[in-house]
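Each chain, written out:
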Amino acid sequence: MALLVHLSDLHVGAMNFHAEILLKAIGQINDLNPDLTIVTGDLTENGYYLEFLKASQYLEKIESPLMVVPGNHDSRHVGNETFEEVLKHRHGTIENDTKTLKVIGLDSSEPDLDYGKVGRSQQIWMEKELQKAYNEKQYKVIALHHHIIPVPKTGRERNVLADAGDVLFSLINNKTDLVISGHKHVPHVWKLENTIFVTAGTVSSLKLRGKDLNSFNIYNIKEDCIEINLRQVQGKKYLLAKYENTCRN
Ligand SMILES: [Fe+2]
Ligand SMILES: [Fe+2]
């Protein structure tokens, strides 16, 4: 049905940002020729204008249709306004060519704060989009920067969405198939009810846990199942999880 690539946490402008790793990842992504590529925030380290310009120059090298949502680092120093100028929409939707899949991108960032929040009005908009997609029997993906369920081995939880309970309830109730996020720089998969929650590692920052390597996620979504693969930019590719699709029934 669709091949999706999910990368996150580029951190362009950081001391520990590595351009050659990002360029290598972009080459790997273009070789995969995905239907869509989704970037779940922290494109920049500080939200500075020049960091956004540099980040968008890298992202322009990605050949597939692209959706980008902001992270907490992107909303520092009026980066929330700069994001709109350079990358346009902070939330929105994108479909694959055959319109069998819809990605709904959310802005979970708050200016100059690290915690995340979807907020009531954006949640209502999300619910309408999920309902439309359900009526069209589309595969429904939500993309946002902050994780909704805590990620193991990432220390004491501080940055899960402030309205995680409400958003989680809404996602499950509206039969969301897949929720993808970043922020913790740690790849992980949870399944709750019939919804799969996947976090991505960082694609090009050396802010890594232990011996983790930079990585991005690949979702091979078929009619009856989803395969979730982790691609280490300087390592190997391996299967993280595989599940049957159950939400569109
Ligand atoms: Fe990050
Ligand atoms: Fe973040």
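Predicted, not measured: the structure shown is a model, and the values here were computed from it.

Chemist: Describe the sheet that holds strand S10 (residues 215-221), naming the residues involved and giving the relevant values.
Modeler: Strand pairing in a sheet takes place through backbone hydrogen bonds and is either antiparallel or parallel in direction. Read across the sheet, 6 strands follow the order S3-S2-S1-S10-S11-S12 without closing on themselves; strand pairing throughout is mixed. The sheet is open, and its two borders are formed by strand S3 (66-69) and strand S12 (237-244), each paired with just one other strand. Strand-to-strand twist in this sheet, taken as the mean axis angle between neighbours without regard to direction, amounts to 20°. Bridge count for strand S2 (residues 36-40) against S3 is 4 bridges, and the pairing is parallel. Across the sheet, threonine 37 pairs through a bridge with leucine 66, a residue of S3.

Chemist: Please provide a residue-by-residue account of the pairing of strand S6 (residues 139-143), values included.
Modeler: Burial analysis of S6 places 5 of its 5 residues in the buried class, the great majority of the element. Where burial is concerned, the two faces of S6 agree: the one with Tyr139, Val141 and Ala143 and the one with Lys140 and Ile142 are both buried. As judged from the 5 bridges shared by strand S5 (residues 101-105) and S6, these two strands associate in the parallel manner. Paired with glycine 105 across the strands is alanine 143, a residue of S6. The parallel pair S5 and S6, bridged by helix H4 (residues 120-135), forms a crossover whose chirality is right-handed. Of the pairings in the sheet, the one linking S6 to strand S7 (residues 178-181) comprises 3 bridges and is parallel in character. Across the sheet, the residue bridging to alanine 143 is isoleucine 180, located in S7. Viewed along the sheet, the connection from S6 through helix H5 (residues 164-173) into S7 turns out right-handed.

Chemist: Explain unusual backbone geometry residue by residue, including any values.
Modeler: Phi is positive for asparagine 33, which is not a glycine, with a value near 50°. In this structure, asparagine 33 sits in the loop between helix H1 (19-32) and S2. Under the C-beta neighbour-count criterion, asparagine 33 is labelled exposed, with 10 such atoms within 10 Å. Unlike most non-glycine residues, lysine 153 shows phi in positive territory, near 60°.

Chemist: Talk me through the sheet that holds S7; I want residue IDs and the actual numbers.
Modeler: Spatially, the 6 strands line up as an open sheet ordered S4-S5-S6-S7-S9-S8, and their pairing is mixed. Of all the strands in the sheet, just strand S4 (92-95) and strand S8 (188-192) have a single pairing partner and so form its edges. Each adjacent strand pair in this sheet contributes to an overall mean axis angle of 20°, direction not counted. Here H4 sits on the sheet and contacts S4, S5 and S6; the angle it forms with S5, its principal contact strand, is near 180°.

Chemist: Just give me the short version of the environment of valine 78, but keep the residues and values in it.
Modeler: With respect to the helices and strands, the residue valine 78 is situated in the loop between S3 and helix H3 (79-87). A sequence separation of 35 residues divides valine 78 from leucine 113, and the C-alpha atoms of the two residues are 11 Å apart.

Chemist: Any details on the environment of phenylalanine 52? Residues and values, ideally.
Modeler: Here phenylalanine 52 is to be found in helix H2 (residues 49-59). Looking at phenylalanine 52, the number of C-beta atoms within 10 Å reads 22, which means it is buried. For phenylalanine 52 and isoleucine 218, which are 166 residues apart along the polypeptide, the C-alpha to C-alpha distance reads 25 Å. Setting aside chain neighbours within four positions, we find phenylalanine 52 in contact with Thr44, Thr82, Phe83 and Val86.

Rules used throughout
Residues numbered from 1 in each chain as written. Chains lettered and ligands numbered in written order. Predicted model: local features only at pLDDT ≥ 70, side-chain atom pairs only at ≥ 80, totals over all residues. Pairing = 2+ DSSP bridges. Helix = DSSP H or I, 4+ residues; strand = E, 2+ residues; numbered from the N terminus. Axes fitted to C-alpha atoms, helices over the stretch in contact; angles between N-to-C directions. Buried ≥ 20, exposed ≤ 12 C-beta atoms within 10 Å, placed from the backbone. Right-handed = clockwise from strand over helix to strand, strands pointing away. Contact = placed C-beta atoms within 7 Å.

Honestly, that's just the spatial picture; any functional story needs more than this.
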